[in-house]
Amino acid sequence: MSTPVRLLVHGASGRMGRALLRLAAGREDVAVVAAVQRTVGQRVVDGIPHFTASELAGTPAFDAAIDFSLPEGFDPVLALCRGRGAALVSGTTGLFDVQRAALDSAAASIPVLWQANFSVGVAVLDELVERAASALPGWDCDIVESHHVHKRDAPSGTALALGESAQRGGAQPRYASLRAGDIVGEHLVQFATVGERIELVHRAGNRDIFAQGALLAATRLAGRPPGRYGLRQLLFG
């Protein structure tokens with residue numbers, strides 16, 4: 001059996017952080033060596049040492065950090081990964097342009113991955129959308145995304161990313177957004193022409209899929225050469 005990938009979970013008290021800790025406990029290919037959050041009550045929980053954000057520099061050695069925090073917490077964990085030569089997997093949203101530029105700079109020395117959606121199925125859908133757009137010049141392309149009533153942004157970030165892939169394939173996507181009930185996330189990409197239509201659909205049934213995708217990304221990113229990576233690249237590259 002190969003040695004488990006040592007993980008630092010940054011933003012451990014958030015919804016994604018809690019899911020990462022819970023799901024990592026059931027896997028043999030990863031070992032969480034540190035959980036970092038803004039405040040700490042119990043120092044060790046289920047055998048995992050917990051650190052406050054101000055104690056980040058004192059965390060033990062790790063192979064990859066998974067970051068689902070806030071923009072103000074992003075810079076320290078990126079700096080830590082650069083200093084230790086460790087990989088960074090991040091899903092923190094709302095990053096500023098200067099922080100995105102810092103990711104590009106860090107990629108010269110460590111492997112980094114920032115992703116808006118960590119669903120493995122969405123990564124596969126993204127690949128299929130670009131291929132379909134390339135094979136279907138002149139077809140109409142429409143992207144319909146559905147989410148729960150509390151989601152404010154529209155179109156969703158995932159829909160826009162799918163649209164970018166469609167554009168790379170030569171299509172000109174149009175968007176429609178639906179907000180209803182407690183829908184976790186559904187994305188339909190439709191290609192249509194006279195007499196025929198193709199629909200590519202992904203439906204998320206629960207939010208654990210995003211944590212599972214982040215764990216998969218960390219296992220595949222750790223030990224890679226420096227550079228900017230995406231989940232799609234790790235699956236198909």
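Residues numbered from 1 in each chain as written. Predicted model: local features only at pLDDT ≥ 70, side-chain atom pairs only at ≥ 80, totals over all residues. Heavy atoms only, no water.

**Side note on the sheet that holds strand β8 (residues 140–147)**
Pairing is mixed in the open sheet, where four strands are placed in the order β9-β8-β10-β11. Only two strands of the sheet have a single neighbouring strand rather than two, namely β9 (173–179) and β11 (196–204). Taking the axes of each pair of neighbouring strands and ignoring which way they run, one obtains an average angle of 15° across the sheet. Of the pairings in the sheet, the one linking strand β10 (residues 185–193) to β11 comprises nine bridges and is antiparallel in character. Across the sheet, F191 pairs through a bridge with I198, a residue of β11. Here helix α4 (residues 120–135) sits on the sheet and contacts β10 and β11; the angle it forms with β11, its principal contact strand, is near 165°. (Pairing = 2+ DSSP bridges. Helix = DSSP H or I, 4+ residues; strand = E, 2+ residues; numbered from the N terminus. Axes fitted to C-alpha atoms, helices over the stretch in contact; angles between N-to-C directions. Contact = heavy atoms within 4.5 Å.)

**What about the nonpolar core?**
Among the nonpolar cores identified, the biggest contains 34 residues, and L7, L20, I66, V89, L113 and F118 are the most heavily contacted of them. Among the elements of the structure, β1 (5–10), α1 (15–24), β2 (30–37), β5 (64–67), β6 (87–90), α6 (208–221) and α7 (231–236) are those that each provide at least two residues to this core. The element best represented in this core is α6, accounting for seven residues. Shared between two domains, this core holds at least three residues of each, these being domain 1 (5–114 + 208–236) and domain 2 (120–204). Other than its neighbours up to four places away in sequence, L113 contacts L88, V89, S90, F118, A217, L221, Y229, G230, L231 and L234. (Core = buried A, V, L, I, M, F, W, Y, C linked by side-chain atoms within 4.5 Å. Buried < 20%, exposed > 50% of the residue type's maximum accessible area, 1.4 Å probe, protein only. Domains from an automatic or database assignment.)

**Side note on the domain arrangement of the protein**
In terms of domain boundaries, the protein breaks down into domain 1 (5–114 + 208–236) and domain 2 (120–204). When each unit is reduced to the centre of its C-alpha atoms, the spacing between domain 1 and domain 2 is 28 Å. Each side of the interface is counted separately: domain 1 has eight residues, and domain 2 has 11 residues. Across the interface of domain 1 and domain 2, roughly 730 Å² is buried in total on both sides, 69% from carbon and sulfur atoms. Linking E130 and R232 is a salt bridge whose minimum nitrogen-to-oxygen distance equals 2.8 Å. In this assembly, domain 1 and domain 2 are joined by three residue pairs in polar contact (both at pLDDT 80 or more). Within the residue set of the side of domain 1 that touches domain 2, elements represented by two or more residues are α6 and α7. Taken together, the residues of the side of domain 1 that touches domain 2 sort by class into six nonpolar, one polar and one charged. (Buried area = accessible area lost by both parts, 1.4 Å probe. Salt bridge = Lys/Arg side-chain N within 4 Å of Asp/Glu carboxyl O. Polar contact = N/O pair within 3.5 Å; in protein donor to acceptor, adjacent residues only side chain to side chain. Nonpolar A, V, L, I, M, F, W, Y, C, P; charged D, E, K, R; others polar.)

**A few points about the UniProt feature "domain: Dihydrodipicolinate reductase N-terminal" (unreviewed entry) in the protein**
Per the UniProt record, the feature "domain: Dihydrodipicolinate reductase N-terminal" (unreviewed entry) sits at residues 5–118. Note that residues 5–118 is 30% helix and 29% strand, and that its end C-alpha atoms are spaced 18 Å apart. (UniProt positions renumbered as here; feature names shortened; annotations may be inferred.)

**Structural notes on the packing of α1 against α6**
In the contact formed by α1 and α6, the axes pass within 9 Å of each other and the chain directions differ by 65°. Between α1 and α6, the angle falls in the class roughly perpendicular. Once α1 is placed against α6, the crossing between them reads as right-handed. Contacts from M16, A19, L20, R22, L23 and A24 in α1 reach D208, F210, A211, Q212, A214 and L215 in α6. Considered class by class, the residues forming the contact of α1 with α6 number nine nonpolar, one polar and two charged. (Parallel < 35°, antiparallel > 145°, perpendicular 65-115°, else oblique. Left-handed = near helix turned anticlockwise from the far one by under 90°.)

**Brief notes about the environment of W139**
Tracing the backbone shows W139 in the loop between α4 and β8. Judged by its relative accessible area of 16%, W139 falls in the buried class. Spatially, the C-alpha atom of W139 lies 9.0 Å from that of Q172, the residues being 33 residues apart in sequence. Among residues more than four places away in sequence, those in contact with W139 are F191, A192, T193, E196 and I198.

**Focus: the pattern of salt bridges**
Counted under the stated rule, the structure contains 15 salt bridges. Here R232 ties to D126 by a salt bridge, and the two come within 2.8 Å at their closest N and O atoms. Of this pair, R232 sits in helix α7 while D126 sits in helix α4, placing them 106 residues apart in sequence. Accessibility classification places R232 together with D126 in one group, the buried group. Salt-bridge contacts for R174 lead to D142; the nearest nitrogen and oxygen are separated by 2.9 Å. Within this pair, whereas R174 is found in strand β9, its partner D142 is found in strand β8, the two being separated by 32 residues in sequence. Using a relative accessible area of 46% as the deciding quantity, one classes R174 as partly exposed.

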